[in-house]
Amino acid sequence: MLRSLLSGNMSFEGVIIYILSTLAVIFLTLPVHEFAHGFAAVKLGDNTPRWQGRLTLNPFAHIDYFGALCILLFGFGWAKPVQVNARNFRKPKRDMAITAFAGPFSNVIVAFISLLILNVFWVIALKTEIAFIIHIMSFFYYIADINVRLAVFNLIPVPPLDGSKILASFLPDRYYYTLMRYERYIYFLLLILLMSGGLDIPLYYLSNGLMSGLNIITELPFKLTGLLR
């Protein structure tokens with residue numbers, strides 16, 4: 001996204017709408033992502049998120065400011081991780097994987113809802129021809145797009161991302177512990193790839209595929225009722 005802004009591929013209105021939608025993601029949907037982790041953990045028997053004050057939708061309990069800046073500049077980023085004690089789970093590997101998956105899944109749900117709202121405004125735009133509605137549609141499209149990219153990014157199976165915790169449920173412990181020994185180095189490599197554009201192509205195709213699927217699903221009820229063609 002930063003390269004698009006610098007190259008002038010976006011209009012001034014597009015830049016403003018993108019910034020507003022990104023701020024909405026940072027202050028509204030990132031808390032949902034982290035709350036989903038905490039809620040899943042508590043339901044599975046670990047009260048650590050509740051004790052640490054992370055079972056909340058207050059954005060300031062969850063924001064990692066560098067991760068938020070990465071979302072604004074690159075479209076991918078993170079919040080402050082919710083701490084979980086797997087020893088409190090009945091089935092640690094399975095329950096940790098469920099807890100980890102809850103965050104990206106919440107992003108997909110937010111994207112789904114955003115696209116539904118976008119389609120409602122699309123119907124209104126077709127009926128009324130009010131020009132300003134196209135900006136509202138762009139706002140919800142960007143929210144959906146960023147959430148899809150966050151879901152895909154967080155499911156990369158390397159530490160410290162959620163995908164690594166899901167991977168742990170399938171790996172023998174000794175392999176997973178070996179991987180975690182290099183977590184710091186993997187984290188810095190991930191940052192370098194993210195900022196240099198090294199992840200752009202795989203993340204683009206994965207995000208685009210998920211976004212296309214959600215578009216088809218959310219448009220379907222409107223097309224079946226004849227509101228859209």
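Whatever comes next refers back to the structure up there.
## Considerations on the packing of helix 6 (residues 133-154) against helix 10 (residues 200-224)
Alright, step 1. Across the interface, helix 6 lies against helix 10 with an axial gap of 9 Å and an inter-helix angle of 125°. When the axes of helix 6 and helix 10 are compared, the pair comes out oblique. Where helix 6 crosses over helix 10, the handedness of that crossing is right-handed. Where helix 6 approaches helix 10, its residues Tyr141, Ala144, Asp145, Val148, Arg149, Val152 and Phe153 are matched on the opposing element by Leu203, Leu206, Ser207, Leu210, Met211 and Leu214.
Alright, step 2. In terms of residue class, the contact of helix 6 with helix 10 is made up of ten nonpolar, one polar and two charged.

## Here we look at the nonpolar core
Alright, step 1. By size, the foremost hydrophobic cluster in this structure holds 16 residues, and its most contacted members are Leu30, Ile146 and Leu150.
Alright, step 2. Of all the elements in the fold, those that place two or more residues in this core are helix 2 (12-43), helix 4 (65-74) and helix 6.
Alright, step 3. Among the elements that take part in this core, helix 2 stands out by supplying six residues, more than any other.
Alright, step 4. With near-sequence residues (within four places) excluded, leucine 30 lies in contact with Val25, Ile71, Trp78, Ala79 and Leu150.

## What to know about the packing of aromatic side chains
Alright, step 1. Overall, the coordinates contain eleven aromatic pairs when judged by the stated rule.
Alright, step 2. Measuring from ring centre to ring centre gives 6.2 Å for tyrosine 141 and tyrosine 142, while their planes differ by 65°; the resulting arrangement is edge-to-face.
Alright, step 3. Judged by its relative accessible area of 35%, tyrosine 141 is partly exposed.
Alright, step 4. Relative accessible area serves as the criterion here: at 17%, tyrosine 142 is assigned to the buried category.
Alright, step 5. Geometrically, the ring pair formed by tyrosine 187 and phenylalanine 188 is edge-to-face, given 5.6 Å between the ring centres and 65° between the ring planes.
Alright, step 6. In this structure an aromatic cluster arises from ring pairing among Phe66, Trp78, Tyr187 and Phe188.

## Here we look at the environment of isoleucine 71
Alright, step 1. Here isoleucine 71 is to be found in helix 4.
Alright, step 2. The buried category is assigned to isoleucine 71, whose relative accessible area is 0%.
Alright, step 3. Isoleucine 71 sits 45 residues away from isoleucine 26 along the chain, and the two C-alpha atoms are 8.0 Å apart.

## A word on helix 4
Alright, step 1. Within helix 4, the full set of buried residues consists of Gly67, Ala68, Cys70, Ile71 and Phe74. Viewed end-on, helix 4 has its buried residues packed into an arc of 155°, placing them on one side of the element.
Alright, step 2. Where helix 4 begins, the capping side chain belongs to aspartate 64, and its oxygen is found 3.1 Å from the backbone nitrogen of phenylalanine 66.
Alright, step 3. Immediately beyond the C-terminal end of helix 4, within one or two residues, lies glycine 75, with a positive phi of roughly 85°.

## A look at the packing of helix 4 against helix 9 (residues 183-196)
Axes are the key here: two packed helices are described by the angle between their axes and the distance separating the axes.
Alright, step 1. In contact at an axis separation of 11 Å, helix 4 and helix 9 are set at 25° when each is read in the N-to-C sense. Taken together, the axes of helix 4 and helix 9 lie roughly parallel to each other. In the crossing of helix 4 with helix 9, the sense of the turn from one axis to the other is left-handed. Of the residues in helix 9, those touching helix 4 at Phe66, Cys70 and Phe74 are Leu191, Leu194 and Met195.
Alright, step 2. Of the residues in the contact of helix 4 with helix 9, the class split is six nonpolar, no polar and no charged.

## Quick look at the side chain of threonine 99
Alright, step 1. If you trace the backbone, threonine 99 turns up in helix 5 (residues 92-128).
Alright, step 2. The class for threonine 99 is buried, based on a relative accessible area of 2%.

## Comments concerning helix 5
Alright, step 1. Here helix 5 contains 37 residues, and its C-alpha end-to-end distance of 54 Å stays within 8% of the 54 Å for a straight helix at 1.5 Å per residue.
Alright, step 2. At alanine 102, helix 5 shows its largest bend, some 30°, and a proline, proline 104, comes one to four positions later.

## Overview of a nonpolar patch on the surface
Alright, step 1. Among the surface-exposed residues, Phe12, Ile16, Ile19, Leu20, Leu23, Phe27, Leu28, Phe60 and Tyr65 lie close enough to one another that they form a single nonpolar patch of about 940 Å² accessible area.
Alright, step 2. In terms of residue count, the dominant contributor to the nonpolar patch is helix 2 (seven residues).
Alright, step 3. Locating phenylalanine 60 in the fold gives a position in the loop between helix 3 (48-51) and helix 4.

## A word on the side chain of threonine 218
Alright, step 1. Its location among the elements puts threonine 218 in helix 10.
Alright, step 2. Classification of threonine 218 by relative accessible area gives buried; the value is 0%.
Alright, step 3. Engagement of the side chain of threonine 218 in a polar contact is seen with the backbone oxygen of leucine 214, the distance being 2.8 Å.

Parameters at a glance
Residues numbered from 1 in each chain as written. Predicted model: local features only at pLDDT ≥ 70, side-chain atom pairs only at ≥ 80, totals over all residues. Heavy atoms only, no water. Axes fitted to C-alpha atoms, helices over the stretch in contact; angles between N-to-C directions. Helix = DSSP H or I, 4+ residues; strand = E, 2+ residues; numbered from the N terminus. Parallel < 35°, antiparallel > 145°, perpendicular 65-115°, else oblique. Left-handed = near helix turned anticlockwise from the far one by under 90°. Contact = heavy atoms within 4.5 Å. Nonpolar A, V, L, I, M, F, W, Y, C, P; charged D, E, K, R; others polar. Core = buried A, V, L, I, M, F, W, Y, C linked by side-chain atoms within 4.5 Å. Buried < 20%, exposed > 50% of the residue type's maximum accessible area, 1.4 Å probe, protein only. Phe/Tyr/Trp six-rings, centres within 6.5 Å; stacked < 30°, edge-to-face > 60°. Arc of directions from axis to C-beta. Polar contact = N/O pair within 3.5 Å; in protein donor to acceptor, adjacent residues only side chain to side chain. Expected span 1.5 Å × (residues − 1). Bend = angle between axes of the 7 residues up to and from the residue. Patch = residues over 30% accessible without salt bridge, like charges linked within 9 Å, V, L, I, M, F, W, Y side chains within 5 Å. Areas by Shrake-Rupley, 256 points an atom, 1.4 Å probe, with all protein chains shown as cover. Salt bridge = Lys/Arg side-chain N within 4 Å of Asp/Glu carboxyl O.

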